[in-house]
Each structure stands twice: as C-alpha cells, then as structure tokens.
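# Observations on the three-dimensional arrangement
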Amino acid sequence: MGKYILKRLGTSLLIIFLVSVFSFSLMHILPGDPVRISLGESASEEKIQQVREAYNLNKPIVEQYFLWIKGIVQGDFGRSLLYEEDVSALIRAKLPITMSIGIPVLVIASVLGIVFGILTAVKRGTWVDQIITFIANIGIGCPEFWIAILAILIFGIRLKWLPTQGYVAPDKDFSKYLYLAVLPVSCLAFRFIAMITRQTRSNMLDIINQDYIRTARANGLAERKVIFRHALKNALIPVITIIGLQVRIIVSGSVIIERIFNIPGLGQLLMRGIMERDYFIVQACVFVITLITVGANLVVDILYGIVDPRVRKSWR
C-alpha cells in the first residue's frame, strides 16, 4: 500500500507542476499589459517601469516562474496588481466563503444522490422511479445559470420566500447564513444530485442482477442486507469517482452561481483576476484549486481499496 500511495503522490505532484507551468505561461501569452490595465492609460512610462520592477515583470518569463515557485514554498503568492495587497490574504479571505457554499453542496448531493439512486433501482419501473429519473434528466440537461434564474424568479420574486443575493459568514450569523445560502446551495447541488442519482441507479441495476445477489436472496438474507451490504458496496466505486471529481466545487465554487447571487468567493476573485489580467491572482487561484483537486483524487484512489478488496490486491 505504501508503494501505491507514493506512486500516486508522485503522479499528483507531476500534475500540479504541469498545471502551474501551463497556467503561468498562458497568462503571460495573452495579449495586454496588466500593469497598464491596473494603472490606467494615463500612467507615465516611468511609473509603469517602477511597478514592473517591483513585481519582477521585467525579468524573463522563466525567471519569473521560478521566483513565483520560490515564493509559494515560503507561503507568498505575490502581491495583487488589482487590489494592491498580498494574494495570500485575498485567498484566505475568499476561500472560506466558497467552501461554506461548496461543502454543503457536496454533502447534500452525495447523500441525496446515493439515496435517490438506490430508491430508483430498487423501485425500477414504478412511479417513484419514473418521477425521480425524469427530474434527474432535467438536472443533467439544464445549465446552472438557467436553474438559478428560474429559482430566483419563482422563490425570490414571485413567492418572495427567499433572498436573491447576498452572503453572511456562518460564524457571524448562522441563521442568516442558512437563509441566504438556501438558493445558491440548492441551485448548485441540483445538477450534482442528478448526476450521482443516475450513476448510482445504473450501477445498482447492474449489480442486483448478478448471480451472487441472487444467491444471497436465495439463502434467505433480508432484502435490506442484500442491497446495502452486498450490492451498494460494489456499486459505489464509480460513484466515488464522480464525487471525488466534484470536490473542486469546494475550492473553485461555481463562478456563475457566485456571480448571480453576488457571493464574494474564490470564483469571483478568479474571474476578476482573468478579466483584469492580474497574473498573481489567477496563478494563485489555479494553483490552490489544482492542489486540492489533485489531493481529492488521491483520496479517491485510496478509497477504492477500502471499498473494493480487488483494488487492495493490486497494491501489493
């Protein structure tokens, strides 16, 4: 197991390195001068050169990259051209906001998606299966912005049950946080619930038709034990993959959802950094998102072995 984890860790580090090189290079290849954008067209050439020297933007791109990596190792992501403050401080301020929306989405989607998937598989062909499958198909087919706009129109404007924008940190006012987070969390979770439901249903239908499931039923095991102890455990491996891939929403959030509901999270910070050509914000946000996403995939690979003994054998 130790060799397997070290091998996967090495692969993860290589992916992080390649993504960092790609994102760093891409931002420098794009046309436009970030210094002129931040200072304005009326800025003098002398002032522009001073800013470039202060941010090491006058150095070759390779040297800039290694200076950036050196700063990351020391916990310094650089200083934002747009906000004129440390990028590390900006990420520390924005990341908890995005996570306070993303974590509930991941938990709710995982639990409800698996429950609905099991229910539709067990009740295959009934009205329960047809209704849930129909709603899941809508969730997969509809874009998030359309769901968000429709939810705002119905629950915010017409019924006036829920607020349409705003954010309060849960540690400041938890009840108000819940009140404001209902719509964005629901809109963001809807599609993920649909995806997990469909995947769980498909896997469960394949598993419950296997010979060992028939044997378990023939031996007199209770249907609940057959479903949860034998069928579900084997059906969860592809589901774990989907859930693991969605961990990125914890750190990147949904740019569209954050923008529609005016949530000042990491997604909005990244989008503004791209629009304003702020190298340090974009590079830092992409690096943090990549780091946590790759780490989540590593955890998923280890969970495979916990769920499926056949995977554990391949570790030896």
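I will try to describe carefully the structure that is included in this document. None of these values were measured; they are calculated from a predicted model.

### Things to note about the nonpolar core
If you look at the biggest cluster of nonpolar residues, it comprises 48 residues, and the most contacted ones within it are Ile-114, Cys-187, Ile-196, Met-204 and Phe-261. Taken together, the elements giving at least two residues each to this core come down to helix H5 (87-122), helix H7 (144-158), helix H8 (174-207), helix H9 (211-218), helix H10 (223-245) and helix H14 (279-307). The element that contributes the greatest number of residues to this core is H8, accounting for 13 residues. Residue contacts for Phe-261: discarding those within four places in its chain leaves Ala-148, Ile-152, Thr-164, Gln-165, Gly-166, Leu-183, Pro-184 and Cys-187. Counting residues in hydrophobic clusters, the runner-up holds 30 residues, among them Ile-72, Phe-77, Leu-81 and Leu-270.

### Side note on the packing of aromatic side chains
The geometry of two aromatic rings is summed up by the distance between their centres and the angle between their planes. Counting across every chain of the model gives eight aromatic pairs. Taken together, the ring pairs in this structure connect Phe-17, Tyr-65, Phe-66, Trp-68, Phe-77 and Phe-287 into an aromatic cluster.

### A closer look at the side chain of Asp-278
Mapped onto the fold, Asp-278 is located in the loop between helix H13 (266-275) and H14. Arg-272 provides the closest opposite charge to the buried, unpaired Asp-278, separated from it by 8.2 Å. A polar atom in the side chain of Asp-278 sits 2.6 Å from the side chain of Ser-80. Excluding anything up to four places from it in sequence, Asp-278 contacts Ser-80, Leu-81, Leu-82, Tyr-83 and Gly-273.

### Observations regarding the environment of Ala-93
Tracing the chain through its elements places Ala-93 in helix H5. Measuring from C-alpha to C-alpha, the distance between Ala-93 and Leu-266 comes to 8.7 Å, with 173 residues separating the pair along the chain.

### What about H7?
Compared with an ideal rise of 1.5 Å per residue, which puts 15 residues at 21 Å, H7 spans 20 Å between its outermost C-alpha atoms and is within 8% of the ideal. Its axis deflected by about 30 degrees at Ile-152, H7 carries its strongest bend there. Residues of H7 that are buried in the fold lie against H8 and helix H12 (255-260). Note on H7: the residue one or two positions beyond its end, Lys-160, has a positive phi of about 60 degrees.

### Observations concerning the packing of H5 against H13
Interhelical geometry of H5 versus H13 gives an angle of 130 degrees and a closest axis separation of 7 Å. Of the possible angle classes, the one that applies to H5 and H13 is oblique. Across from Leu-90, Ile-91, Lys-94, Leu-95 and Thr-98 in H5, the residues of H13 making contact are Leu-266, Gly-267 and Leu-269. Tallied by class, the residues present in the contact of H5 with H13 amount to five nonpolar, two polar and one charged.

### What about the packing of H7 against H8?
With their axes 9 Å apart at the nearest point, H7 and H8 run at an angle of 140 degrees to one another. Overall, the two elements H7 and H8 adopt an arrangement that is oblique. Taken as a pair, H7 and H8 cross one another with a handedness that is right-handed. Contacts between H7 and H8 involve Glu-144, Ile-147, Ala-148, Ala-151 and Phe-155 on the former and, on the latter, Leu-183, Cys-187, Leu-188, Phe-190, Arg-191 and Phe-192.

### Points about the pattern of salt bridges
Throughout the structure, instances matching the rule amount to two salt bridges. As a salt-bridge pair, Asp-86 and Arg-79 come within 3.7 Å of each other at their nearest N and O atoms. What makes Asp-86 partly exposed here is its relative accessible area of 39%. Residue class for Arg-79 comes out partly exposed when judged on its relative accessible area of 39%. The shortest N-O distance in the salt bridge between Asp-129 and Arg-201 comes to 2.9 Å. Here the residue Asp-129 occupies a position in helix H6 (residues 127-141), and Arg-201 occupies one in helix H8, the gap between them amounting to 72 residues. Residue Asp-129 shares its accessibility class with Arg-201, and that shared class is buried.

### Focus: the side chain of Thr-120
Secondary-structure assignment places Thr-120 in helix H5. When residues no more than four places from it in sequence are discounted, the contact partners of Thr-120 are Asp-129, Ile-132, Thr-133 and Arg-201.

### A short note on unusual backbone geometry
For residues besides glycine, phi is generally negative; the peptide bonds are generally trans as well. Despite not being glycine, Lys-160 has its phi angle at roughly 60 degrees, a positive value. For Lys-160, the position within the fold is in the loop between H7 and H8. Here the phi dihedral of Asn-262 falls at roughly 55 degrees; this positive angle occurs in a residue that is not glycine. Along the chain, Asn-262 turns up in the loop between H12 and H13.

Here is what the cut-offs are and how they apply
Residues numbered from 1 in each chain as written. Predicted model: local features only at pLDDT ≥ 70, side-chain atom pairs only at ≥ 80, totals over all residues. Heavy atoms only, no water. Core = buried A, V, L, I, M, F, W, Y, C linked by side-chain atoms within 4.5 Å. Buried < 20%, exposed > 50% of the residue type's maximum accessible area, 1.4 Å probe, protein only. Helix = DSSP H or I, 4+ residues; strand = E, 2+ residues; numbered from the N terminus. Contact = heavy atoms within 4.5 Å. Phe/Tyr/Trp six-rings, centres within 6.5 Å; stacked < 30°, edge-to-face > 60°. Lys, Arg positive; Asp, Glu negative; His and termini not counted. Salt bridge = Lys/Arg side-chain N within 4 Å of Asp/Glu carboxyl O. Polar contact = N/O pair within 3.5 Å; in protein donor to acceptor, adjacent residues only side chain to side chain. Expected span 1.5 Å × (residues − 1). Bend = angle between axes of the 7 residues up to and from the residue. Axes fitted to C-alpha atoms, helices over the stretch in contact; angles between N-to-C directions. Parallel < 35°, antiparallel > 145°, perpendicular 65-115°, else oblique. Nonpolar A, V, L, I, M, F, W, Y, C, P; charged D, E, K, R; others polar. Left-handed = near helix turned anticlockwise from the far one by under 90°.

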